[in-house]
Amino acid sequence: MTAATSTARKLRILVAKPGLDGHDRGAKVVARALADAGYEVVYTGLHQTPEMIAATAVQEAVDAVGLSIMSGAHMTLFPAVIEALSARGVGDLTVFGGGIVPKDDMPKLTEMGVARVFTPGASTQEIIDWVESYLRPRVEGAES
């Protein structure tokens, strides 16, 4: 599976940069790769609060939220976004992300509800394959 098929519903994915981190090249590369693969992508831009991200997720009716965190604040920002999504009634949305995350923090993030974290070196194809193998079945299963 390499991309969204033409007969499948287009998945809507929000790509967000929470916090004060100003490094957005990775988020832009991922957003562009997802769009090129046939997904509808909403990119929030820099310096978003968890509440802003949750509000955008609801307003845009997205299927997943992808967070790019390079600042080291992942143990604060991931749970804050998940909490903000829950407060808006969309706590069942898939949350994934990418950035600088130590291996020791991965199991803790999984316990908090983060579906997947892509670390530096992950290819855009790896992310697209994950969307097709993990996210699409979840979304399509919820719709039936």
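Everything below is about the structure printed above this text.
Rules of the game
Residues numbered from 1 in each chain as written. Predicted model: local features only at pLDDT ≥ 70, side-chain atom pairs only at ≥ 80, totals over all residues. Heavy atoms only, no water. Helix = DSSP H or I, 4+ residues; strand = E, 2+ residues; numbered from the N terminus. Expected span 1.5 Å × (residues − 1). Buried < 20%, exposed > 50% of the residue type's maximum accessible area, 1.4 Å probe, protein only. Arc of directions from axis to C-beta. Core = buried A, V, L, I, M, F, W, Y, C linked by side-chain atoms within 4.5 Å. Contact = heavy atoms within 4.5 Å. Axes fitted to C-alpha atoms, helices over the stretch in contact; angles between N-to-C directions. Parallel < 35°, antiparallel > 145°, perpendicular 65-115°, else oblique. Left-handed = near helix turned anticlockwise from the far one by under 90°. Nonpolar A, V, L, I, M, F, W, Y, C, P; charged D, E, K, R; others polar. Polar contact = N/O pair within 3.5 Å; in protein donor to acceptor, adjacent residues only side chain to side chain.

## A word on helix α1 (residues 25-36)
Part 1 of the argument: A rise of 1.5 Å per residue sets the reference length of α1, with its twelve residues, at 16 Å; its end C-alpha atoms lie 16 Å apart and thus fit the reference within 8%.
Part 2 of the argument: When α1 is considered as a whole, its buried residues turn out to be Ala 27, Ala 31, Ala 33 and Leu 34. For α1, the angular spread of the buried residues around the axis is 165°, confining them to a single face. Set apart from the buried face of α1 by more than 90 degrees, the exposed residues are Arg 25, Arg 32 and Asp 36.

## Topic: the nonpolar core
Part 1 of the argument: Val 65, Leu 67, Phe 78 and Leu 85 are the most contacted members of the largest nonpolar core, which has 22 residues in total.
Part 2 of the argument: Among the elements that line this core, the one with the most residues is helix α3 (residues 74-87), at six residues.
Part 3 of the argument: Apart from the residues lying within four places of it in its own chain, the contact partners of Leu 67 are Ala 16, Pro 18, Ile 53, Phe 78, Val 81, Val 95, Phe 96, Gly 97 and Gly 98.
Part 4 of the argument: Residues Ala 37, Phe 96, Leu 135 and Val 139 belong to the second largest nonpolar core, which totals 17 residues.

## Describing the packing of α1 against helix α5 (residues 124-143)
Part 1 of the argument: Where α1 meets α5, the closest approach of the two axes is 10 Å, and the angle between their N-to-C directions is 55°. On the basis of the axis angle, α1 is oblique to α5. Of the two elements, α1 crosses α5, and the hand of that crossing is right-handed. Residue-level contacts link Val 29, Val 30, Ala 33 and Leu 34 of α1 to Thr 124, Ile 127, Ile 128 and Val 131 of α5.
Part 2 of the argument: Partitioned by chemical class, the residues of the contact of α1 with α5 number seven nonpolar, one polar and no charged.

## Some thoughts on helix α2 (residues 50-59)
Part 1 of the argument: Within α2, burial applies to Pro 50, Ile 53, Ala 54 and Ala 57. Looking straight down α2, one finds that the buried residues subtend no more than 95° of arc, so they occupy a single side.
Part 2 of the argument: The inward-facing, buried residues of α2 abut β1 (12-16), β3 (64-69) and α3.
Part 3 of the argument: Where α2 ends, the next residue or the one after it, Ala 61, has phi of about 50°, a positive value.

## Some details on the environment of Ser 71
Part 1 of the argument: Relative to the helices and strands, Ser 71 is located in the loop between β3 and α3.
Part 2 of the argument: Sequence separation between Ser 71 and Ile 100 is 29 residues, and the spatial gap between their C-alpha atoms is 7.4 Å.
Part 3 of the argument: With near-sequence residues (within four places) excluded, Ser 71 lies in contact with Asp 21 and Leu 77.
Part 4 of the argument: Within the local environment of Ser 71, its side chain forms a polar contact with the backbone nitrogen of Ala 73, the two atoms lying 3.3 Å apart.

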